[in-house]
Amino acid sequence: MDITELTVHELQGKLKNKELTITQINEAYVNRIKEKEPEVQAFITELTDQGMKQAKQIQNKIDNGEKVGDLAGIPIGIKDIICTKGVKTTCASKMLENFIAPYDATVMEKINAEEMIDLGKLNMDEFAMGGSTEYSYFKKTRNPWDLSRVPGGSSGGSAAAVSANMVPWALGTDTGGSIRQPAALCGVVGLKPTYGLVSRYGLVAFASSLDQVGVFTKDVQDCAILLNVIAGHDEKDTTSVDVGSKDYTKSLQKDIKGLRIGVPKEFYGEGINPEVKSCLETAIAKYKEMGAEVEEFSLDIAKYALATYYIIACAEASSNLGRYDGIRYTYRSPEAKTLKEIYKKSRSEAFGAEVKRRIILGTYVLSSGYYDAYYKKAQQVRTLVMNEFNKAFEKYDVIITPTSPTTAFKLGSKSNNPMEMYLADICTVSVNIAGLPGISVPCGVDSEGMPIGMQIIGNKFCEETIIKTAYAYEQETKFREKYKPTFKK
Amino acid sequence: MQVSKEEILHIANLAQLELKDEEIEKYILNLQEILDFANIVNNAPTEGLDITIGANEAKNIFRKDEVKTFDNIEGLLQNAPEQDKHMFKIPKVLD
């Protein structure tokens, strides 16, 4: 048995039956990281030594008959944008290369309260700006299905680490698709919760009205288990919403008879790779077979939403990243003498090209003379997008689209063309604009064996419905039993 | 709308960025291309629609204004590029 192939719920079963120990599980993962990291490059900071120490402590507790939680000793990986007390949180930027958070993010407090073991901080595009993880200051993560391709982004390290069995699951963040798109490109499950379901406290801010923490898992059941851990109101994040406590594992049901599925035709048109489209059509036919009511409809917002996204996200980023002033966050230009030089030189030296590009765009759309034409207009389009989704959810329980217009692309093929990279987010950004939950589940592979993801979008705080929709499909089609990453060179 | 060199320099200055010559050229092209695309928002049917500033209902969230101490001073200061007597150090601001 290869321990690292197992899902967390399978690990839990084997721990219960005493077939496995916490120490064995963590040893298996630490060895897997050692073996695969040289080719996958998913980690910015490995925490394997301290992880093994924690594992032994928890195992001792169990051996001494002490009671521990259901997730105690289960390893996890954390996107390097989530603050972890005493451990570097770099955001994959030279700016925060040596930044050590003085406190834990609320989601980390929850992970730690479960006594889960953080095996490392995972790679990403700098400040989560990108769709390929190539904009990391430190390294380029590879797609485990084909090492010459990108894992997607911005949470590419999280997606690749789960896909390559280097961690059983991971946390990521999603501002415009940064969980769902890499999950699709790496053949794993990725969930972006409703805006406000999970606390953003301790998440390094990119675009505060769009950012949300979510999960990467091997299957939908694990996704429900981990969402149970991280969801919940937090008074430290005033945008977090109190929806009471829910058990998302109760939604793991196979019966979807009568489920109303909306298929927006504009998300299957121009720019969508034919193989991706045909794979989605097969998946939708499967839903019909399973008893769902499927209807095609018009949701003509994708292009407006993408433009709106880049205006709003960059505007918010230009403001949020103003805090990096060369005074409080580790990096200061050695050349700077005056205060003004500290600001300018530190920022110019330590931000990467894409981050500067977005700060410039964001500053431009907020500047006098352009505010009304771009920023204000984008905020109106945001209302339009929300209204259109509201109308759709009067008729449908879920909306199904491709997660990404293409499968994973080759490293270097888009990194010098910002507009082309932005178009990769066309299917996912609307969900963030409207603050909705979305999940990506694998639904097949293309002719080159690269995974294809299906995005299931739900109404606000209807995570139960999308989890159920994803679970029923997964149980019927069993992607993980048919396909595995090959680490092709 | 055509983006000029002066405009890029003005924006970079507002954003506290210093651009090298080759960066100026590159960002003019990038910004132009992205703005040409972003102009599509002006075709969206938004007549009479209000603006939305956040994903959820905009309302004030109140809590008691209580002092809570954060005791990890060392943790905060370890991120200071320069520090002195438990303070973040910067060059002289006024002559």
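Structure first, text after, so check above.
For clarity, every value in this text was computed on a predicted model and none was experimentally measured.

Draft legend 1. Just the pattern of salt bridges, in detail. Throughout the structure, instances matching the rule amount to 28 salt bridges over all chains. The salt bridge involving Asp174 of chain A is made with Arg180 of chain A; its shortest N-O contact spans 2.8 Å. With a shortest N-O distance of 2.9 Å, Arg332 of chain A and Glu82 of chain B are connected by a salt bridge. Of the two residues, Arg332 of chain A sits in the loop between helix H9 (302-320) and helix H10 (339-350) while Glu82 of chain B sits in the loop between helix H3 (73-77) and strand E1 (83-84), which places them in two different chains. Given the relative accessible area of 38%, Glu82 of chain B is considered partly exposed. It is possible to trace a salt-bridge network through shared partners that takes in Arg32, Glu35, Lys36, Glu39 and Lys489 of chain A.

Draft legend 2. Just the interface of chain A and chain B, in detail. Counting from both sides, the interface comprises 68 residues of chain A and, opposite them, 53 residues of chain B. Here chain A and chain B share an interface that buries about 5,500 Å² over both sides, 64% of which is from carbon and sulfur atoms. Remark: the boundary between chain A and chain B carries four salt bridges. Where chain A meets chain B, there are 26 residue pairs in polar contact (both at pLDDT 80 or more). Sorting the residues of the side of chain A that touches chain B by element identifies H9, H10, helix H11 (353-366), helix H12 (371-395) and helix H13 (418-423) of chain A as the ones contributing at least two each. With twelve residues, the single largest contributor to the side of chain A that touches chain B is H12 of chain A. The class makeup of the residues in the side of chain A that touches chain B is 34 nonpolar, 18 polar and 16 charged.

Draft legend 3. Quick look at empty space enclosed by the protein. All names here are of chain A. Applying the stated criterion across every chain, the model contains three cavities of 30 Å³ or more. As for the largest cavity, its lining consists of 13 residues, of which Gly130, Gly176, Ser178, Tyr309 and Asp425 are closest to the centre. Partitioning the lining of the largest cavity into residue classes produces five nonpolar, six polar and two charged.

Calculation rules
- Residues numbered from 1 in each chain as written.
- Chains lettered and ligands numbered in written order.
- Predicted model: local features only at pLDDT ≥ 70, side-chain atom pairs only at ≥ 80, totals over all residues.
- Heavy atoms only, no water.
- Salt bridge = Lys/Arg side-chain N within 4 Å of Asp/Glu carboxyl O.
- Helix = DSSP H or I, 4+ residues; strand = E, 2+ residues; numbered from the N terminus.
- Buried < 20%, exposed > 50% of the residue type's maximum accessible area, 1.4 Å probe, protein only.
- Contact = heavy atoms within 4.5 Å.
- Buried area = accessible area lost by both parts, 1.4 Å probe.
- Polar contact = N/O pair within 3.5 Å; in protein donor to acceptor, adjacent residues only side chain to side chain.
- Nonpolar A, V, L, I, M, F, W, Y, C, P; charged D, E, K, R; others polar.
- 1 Å grid on protein atoms, 1.4 Å probe; cavity = no way out; pocket = protein on both sides within 12 Å on 5 of 7 lines; lining within 4 Å.
- Points joined across faces, edges and corners; volume = space filled by probe spheres on them.

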